[in-house]
Structure formats: structure tokens, C-alpha cells
Amino acid sequence: MNWDWNAVAEFMPHFWDGLLVTLEILVLGSLISFVLGLVWALLMRLPTRWVRWPVGAVTEFVRNTPLLVQLFFLFYVLPEWGLTFSALATGVAGIGLHYSTYTMQVYRAGIEAVPAGQWEAATALNLPRRRTWTAVVLPQAVRRVVPALGNYVISMLKDTPMLMAITVLEMLGEARLFSQQNFHFTEPLTVIGVAFIVISYLASLLLRTLERRLVH
């Protein structure tokens, strides 16, 4: 095997383009999954079964079907119904929706882990229900679930190459396109592999720092 540094130099502009797209997908997809997952978790705690059952059915369906199938559905089927979005917007929405069904379970576990005494104290103080959630329950629950949410961020990062299937040129998409055009496969794929390791490691450090600050 001959390593060609010229090929690496030629690939780097494409790599930076793909890296920006990957980070955009990761950040926006994480925000969607965190917010929507919390919404799902709160809806599942409502006493009305006519809300809980549809939410439960939707989240179970999304969680138990492959992400790639969901991306194809959003990108190729929705336009037939008159709903057309860019490939990047579709990918971000798809990966955010998919992972929201996992973060929902994380939030549920965190909420259920809040000691019963905290709920009783809020009741004794006659706090409104909304105040009980925002000032007592959710702050404690979120602190407990940061490590688990961080694991899903890293999992989401590793799933971003799936968006290549709907024409999104993230890091692997750029590497594949460059390799097909220049017949250099080793160099771009190696650069991409190293990039995923570095980003995952940095994300882990950031999450550990955040976890320590929340605990203390």
C-alpha cells in the first residue's frame, strides 16, 4: 500500500466541507432529540390515555424501525404528499426524531428517579404543578440523565453517514465522492476514521466536564 500525501492534501477542502455538515447534523439533531424526547416523556405521564396511547404507539414504531427506512420515507415518500424539504433538513429531522424516542426513555427514568419526598415537599409548599416541574422535578431529573444523553449524542454522530443515502454530503459522503473521482480510497477513508475518533473523544470529554459541573 502506498500512502499518498498529495491525495490527503487534495481531499482536505472536501473534508472540511463534510465536517461542517456533520457537526451541523449532530448539533441540530441533538437539540431536536433532546427537546422532543422531553415532550414525549411529559406526554406519557399525562393521565389521559387518549394522549398516552398514540404517543406510545408512535414512539414504539419509530424506535423499532431502522433509521435508514425512516430517512427514505421522509425523503422519497413525503414529496408525493406535497411535503418537500432539502436533503439536509430531512436528514436532521429524521435523525432527531429517531433518537428522540430513545431520549424519551432516558428522561422517563430520570423523572421516576426523583425521590418521592421531593414531590411531597412541593405539594406541601402548595407549588403550582408547572412550578413543581420546572423548579423541582426537571432540574433533578436532567442532572441524572446527562451521561445517558451524552451516549446518544455519540451514537448519533456515528449514524450521520446514513444521511449519505439521501444525498447529504457529510464527511463519509465527501470521502466517497472524492474516492470515486480520484481513485484514492485509503487516504480519505483513513482521514474520516480518525476524525470520527477525535470528535467522539472530544465529545466524551465535554460531557464528562458537564456531568461533573452538574453534580457539584
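Above this note sits the structure.
I will try to describe carefully the structure that is included in this document.

The rules we used
Residues numbered from 1 in each chain as written. Predicted model: local features only at pLDDT ≥ 70, side-chain atom pairs only at ≥ 80, totals over all residues. Heavy atoms only, no water. Helix = DSSP H or I, 4+ residues; strand = E, 2+ residues; numbered from the N terminus. Buried < 20%, exposed > 50% of the residue type's maximum accessible area, 1.4 Å probe, protein only. Areas by Shrake-Rupley, 256 points an atom, 1.4 Å probe, with all protein chains shown as cover. Expected span 1.5 Å × (residues − 1). Bend = angle between axes of the 7 residues up to and from the residue. Phe/Tyr/Trp six-rings, centres within 6.5 Å; stacked < 30°, edge-to-face > 60°. Core = buried A, V, L, I, M, F, W, Y, C linked by side-chain atoms within 4.5 Å. Contact = heavy atoms within 4.5 Å.

1. Let's talk about the overall build of the chain
- Along its length, the chain carries eight helices and zero strands.
- Overall, the chain shows an N-to-C arrangement of helices and strands of α-α-α-α-α-α-α-α.
- The principal-axis extent of the C-alpha atoms belonging to the chain is close to 70 × 45 × 20 Å.
- Per-residue burial over the chain gives 39% buried out of 216 residues.
- Total accessible area on the chain stands at roughly 12500 Å², and carbon and sulfur atoms take up 66% of it.

2. Here we look at helix α4 (residues 87-112)
- Under the 1.5 Å per step criterion, the end-to-end length of α4 is 38 Å for 26 residues, consistent within 8% with the ideal 38 Å.
- The largest bend in α4 amounts to roughly 30° and is located at Thr101.

3. A short note on the packing of aromatic side chains
- All told, the structure shown has eleven aromatic pairs when counted by the stated rule.
- Aromatic pair Tyr99 and Tyr152: ring centres 6.2 Å apart, planes at 65°, arrangement edge-to-face. With Tyr99 in helix α4 and Tyr152 in helix α6 (residues 129-159), the pair connects residues that are 53 residues apart, well separated along the chain.
- One aromatic cluster is present, formed by Phe11, Phe15, Trp16 and Phe178 through successive ring pairs.

4. Observations regarding unusual backbone geometry
- The backbone phi angle of Thr167 is positive, close to 75°, even though this residue is not glycine.
- We classify Thr167 as exposed; its relative accessible area is 53%.
- Unusually for a residue other than glycine, Phe183 sits at a positive phi of about 60°.
- Within the secondary structure, Phe183 sits in the loop between α7 (171-182) and α8 (186-215).

5. Thoughts on the nonpolar core
- The biggest cluster of nonpolar side chains holds 28 residues, and the ones touching the most others in it are Phe11, Phe15, Ile25, Ile95, Val168, Met171 and Ile192.
- Among the secondary structure elements, those contributing two or more residues to this core are α1 (5-43), α3 (67-77), α4, α6, α7 and α8.
- Per element, the largest residue contribution to this core is seven residues, and it comes from α1.
- Setting aside residues no more than four positions away along its own chain, Ile25 makes contact with Ser30, Leu88, Val92, Ile95, Thr160, Leu163, Val168 and Glu170.

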